[in-house]
Amino acid sequence: MNGRKAREQRRALRERNARLLAKIRGAVPTLLRTTETGHEVWQRGPATIVLPIVPGDAPSELQTALTVHRMAALTTDCPRCTNDVRVTEAGGYMVRHEAACPGDPDRLVELGERLGVEVQRRED
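So, how was this worked out
- In this convention, every chain numbers its residues from 1, walking through the sequence in written order.
- Selection of residues for local features in this predicted model requires a pLDDT of at least 70, selection of side-chain atom pairs for listing and counting requires 80 or more, and totals for whole chains, interfaces and linings are taken over all residues.
- Hydrogen atoms and water are omitted, and side-chain values are computed over all heavy atoms in the structure.
- Working definition: helices are DSSP H or I runs of at least four residues, strands are E runs of at least two. Numbering for both runs from the N terminus.
- A helix is expected to span 1.5 Å multiplied by its residue count minus one.
- We call a residue buried when its accessible area falls under 20% of the maximum for its residue type, exposed when it is over 50%, and partly exposed in between, using a 1.4 Å probe and counting protein chains only.
- What makes two residues a contact is simply this: any of their non-hydrogen atoms within 4.5 Å.
- Each polar contact in these results corresponds to two N or O atoms within 3.5 Å; when the atoms are within protein, one needs to be able to donate a hydrogen and the other to accept it, and residues that are neighboring in sequence are counted only if both atoms are side-chain atoms.
- Think of the arc as the fan of directions from the helix axis to the C-beta atoms.
- Nonpolar cores are built from buried Ala, Val, Leu, Ile, Met, Phe, Trp, Tyr and Cys residues. Side-chain atoms within 4.5 Å join them into one set.
- Strands are labelled as partners when DSSP assigns at least two bridges between them.
- To get an axis, fit a line to the C-alpha atoms, keeping to the stretch in contact for a helix; angles then go from 0 to 180 degrees between the N-to-C directions.
- Just to be clear on terms, a salt bridge is a Lys or Arg side-chain nitrogen sitting within 4 Å of an Asp or Glu carboxyl oxygen.

Caption draft 1: Focus on helix 1 (residues 3-26). Its 24 residues place the ends of helix 1 34 Å apart at the C-alpha level, agreeing with the 34 Å of an ideal helix rising 1.5 Å per residue. Listed in full, the buried residues belonging to helix 1 are Ala6, Asn17, Leu20, Leu21 and Ile24. Where the residues of helix 1 are buried, they touch strand 2 (39-44), strand 3 (47-52), strand 4 (84-87) and strand 5 (93-96).

Caption draft 2: A look at the side chain of histidine 97. Relative to the helices and strands, histidine 97 is located in the loop between strand 5 and helix 3 (105-115). At a separation of 3.4 Å, a polar atom in the side chain of histidine 97 contacts the main-chain carbonyl oxygen of glycine 103. Not counting chain neighbours up to four residues away, the residues in contact with histidine 97 comprise His69, Ala72, Cys78, Cys81, Asn83, Gly103, Asp104 and Pro105.

Caption draft 3: Region of interest: helix 3. Those residues of helix 3 not exposed but buried are Pro105, Leu108, Val109, Leu111 and Gly112. Down the axis of helix 3, the sector holding all buried residues measures 160°, keeping them to one side. For helix 3, the exposed residues lying more than 90 degrees away from the buried face are Glu113 and Arg114. On its buried face, helix 3 is in contact with helix 2 (60-75). Its side-chain oxygen at 3.1 Å from the backbone nitrogen of aspartate 106, aspartate 104 defines the N-terminal cap of helix 3. Looking one or two residues beyond helix 3, the residue adopting positive phi is glycine 116, at roughly 75°.

Caption draft 4: Just the nonpolar core, in detail. By size, the foremost hydrophobic cluster in this structure holds 18 residues, and its most contacted members are Ile49, Leu51, Cys78 and Tyr93. Listing elements by their share of this core, those giving two or more residues are helix 1, strand 3, helix 2, strand 4 and strand 5. Of all the elements, helix 2 adds the most residues to this core, at four residues. In this structure cysteine 78 touches Val68, Ala72, Asn83, His97 and Cys101, once residues within four positions along its chain are discounted. Of all hydrophobic cores here, the second largest spans six residues; its members include Ala58, Ala65, Leu66 and Leu108.

Caption draft 5: Spatial organisation of the environment of isoleucine 53. Tracing the sequence through the fold places isoleucine 53 in the loop between strand 3 and helix 2. For the pair formed by isoleucine 53 and threonine 35, sequence separation is 18 residues and the distance between their alpha carbons is 9.6 Å. Discounting residues that sit within four places of it in the chain, isoleucine 53 has contacts with Thr34, Gly38, His39, Glu40, Leu66 and Arg70.

Caption draft 6: Seen up close, the sheet that holds strand 2. Taken in spatial order, the three strands line up as 1-2-3 in an open sheet, and their pairing is antiparallel. Since the sheet does not close on itself, it has two edges, and those belong to strand 1 (30-34) and strand 3, each with one partner. Across the sheet, the mean angle from the axis of one strand to that of its neighbour is 25°, orientation sign disregarded. Packed on one face of the sheet, helix 2 meets strand 2 and strand 3 and runs near 175° to strand 3.

Caption draft 7: Examining the pattern of salt bridges more closely. The tally for this structure, following the rule as stated, stands at seven salt bridges. Between glutamate 40 and arginine 70 there is a salt bridge, and its shortest N-O distance comes to 2.7 Å. Here glutamate 40, found in strand 2, pairs with arginine 70, found in helix 2; they are 30 residues apart in sequence, far enough to count as distant. Residues glutamate 40 and arginine 70 agree in their burial class; the two are buried. Here glutamate 110 ties to arginine 107 by a salt bridge, and the two come within 3.0 Å at their closest N and O atoms. Taken together, the positions of glutamate 110 and arginine 107, both in helix 3 and three residues apart, correspond to about one turn of that helix. A residue is classified by how much of its surface remains accessible, and glutamate 110, at 44% relative accessible area, is partly exposed. Residues joined by salt bridges that share partners form a network here, namely Asp104, Arg107 and Glu110.

None of the figures reported here should be taken as evidence of function without further support.
Laid out in structure tokens, this is it:
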């Protein structure tokens, strides 16, 4: 593949991603169902979002972190950090938090370990 064609493909992909992200951000999140595994399935435009439910009996620090994580996933804006939203090849989106943000999935797992609460990171 020559350089020109590669640049055109990257530009087309960036434009596609920008259109998808605009559709996602322009849509209102709608709760579809709750799963037996303690998750909620939401639809926002073309994106389907699976989020953990915040347990009422969880320590308050974990409740706060899960709430930050959920808010960022549902709105694409994190209340605690300057996050980055990227559209995946499959047309979904990922919210990338700053490393120290409590809503970051890695921080959630670490927090759960510290508090003795099982928190599993969903692998995509």
